[in-house]
2 protein chains.
Amino acid sequence: MKPVLVRELIGETLRELRFAQGRTLRDVSTAARVSLGYLSEVERGQKEASSELLASITAALEVPLSVVLLTVSDKLAAAELKTRMARAA
Amino acid sequence: MKPVLVRELIGETLRELRFAQGRTLRDVSTAARVSLGYLSEVERGQKEASSELLASITAALEVPLSVVLLTVSDKLAAAELKTRMARAA
């Protein structure tokens, strides 16, 4: 089983938040002052977001970064449990 | 007030876990297969740890990465609250 990477869960969470707000990549990238290509790569888990840009993106989404990390921690805990159960099986 | 960066909280948390286990930088860097200099920079919040190396370091510390992120989320929530209170004052 391929291990889940934090950047993939961060990207997935940011994308879910953006979709929930019905916003486009262009809108959020402009608000966060990051390039559209960069934001798209971060959302797809292809690029590590620096701490500064992660703060800008979550500010643009008007969601506290702590809440994004809590969501990522929850998703990761579920993935870790799945891995442990697969190993035990 | 200088905003708190995620990499600083990740570094602080990794260092606290290492100290709590009474382990040296050398021990953990060897177990995680990262260079001692890199681990030291990550712990001091000077370098962003990639998702892969973060997974290696937490595996070396025998702590689920989800638990590290939960701790970071808690620390960040406290810092966010402090910032909001300072702004409201």
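Since this is a predicted model, take the numbers as computed values, not measurements. (Residues numbered from 1 in each chain as written. Chains lettered and ligands numbered in written order. Predicted model: local features only at pLDDT ≥ 70, side-chain atom pairs only at ≥ 80, totals over all residues. Heavy atoms only, no water.)

J.: When you look at the environment of Lys75(A) in this model, what are you seeing that I'm missing?
T.: Residues and elements named next belong to chain A. For Lys-75, the position within the fold is in helix α5 (residues 65-88). Residues Lys-75 and Leu-9 lie 66 residues apart in sequence; the distance between their C-alpha atoms is 7.2 Å. Among all residues touching Lys-75, those that are not within four sequence positions of it are Leu-9, Glu-12, Thr-13 and Glu-16. Side chain to side chain, Lys-75 and Glu-12 meet in a polar contact 2.6 Å long. (Helix = DSSP H or I, 4+ residues; strand = E, 2+ residues; numbered from the N terminus. Contact = heavy atoms within 4.5 Å. Polar contact = N/O pair within 3.5 Å; in protein donor to acceptor, adjacent residues only side chain to side chain.)

J.: How should I be thinking about the nonpolar core in this particular structure?
T.: Across soluble globular proteins, nonpolar side chains have a tendency to be buried as a group. Membership of the largest hydrophobic core comes to 44 residues, with the highest contact counts inside it found for Leu14(A), Ile57(A) and Leu14(B). Once residues within four sequence positions are removed from consideration, Leu14(A) is found in contact with Val42(A), Glu43(A), Leu54(A), Ile57(A), Thr58(A), Leu61(A) and Val68(A). (Core = buried A, V, L, I, M, F, W, Y, C linked by side-chain atoms within 4.5 Å. Buried < 20%, exposed > 50% of the residue type's maximum accessible area, 1.4 Å probe, protein only.)

J.: When you look at the side chain of Glu80(B) in this model, what are you seeing that I'm missing?
T.: You can see Glu80(B) is positioned in helix α5 (residues 65-88). Here Glu80(B) occupies a buried position and makes no salt bridge, while the nearest side chain of opposite charge, Arg84(B), is found at 5.2 Å. For Glu80(B), the contacting residues outside a window of four places in its chain are Pro64(A), Leu65(A) and Ser66(A). (Lys, Arg positive; Asp, Glu negative; His and termini not counted. Salt bridge = Lys/Arg side-chain N within 4 Å of Asp/Glu carboxyl O.)

J.: Even after reading the chapter, I still don't get unusual backbone geometry, so can you show me in this structure?
T.: Trans peptide bonds make up the majority, and among non-glycine residues the majority have a negative phi. Although it is not a glycine, Glu62(A) adopts a positive phi angle of roughly 55°. Locating Glu62(A) in the fold gives a position in the loop between α4 (51-60) and α5. A positive phi angle is found at Arg33(B), which is not glycine, with a value near 55°. Looking at the element boundaries, Arg33(B) is found in the loop between α2 (25-32) and α3 (36-43). Judged by relative accessible area, Arg33(B) falls into the exposed class, the value being 78%.

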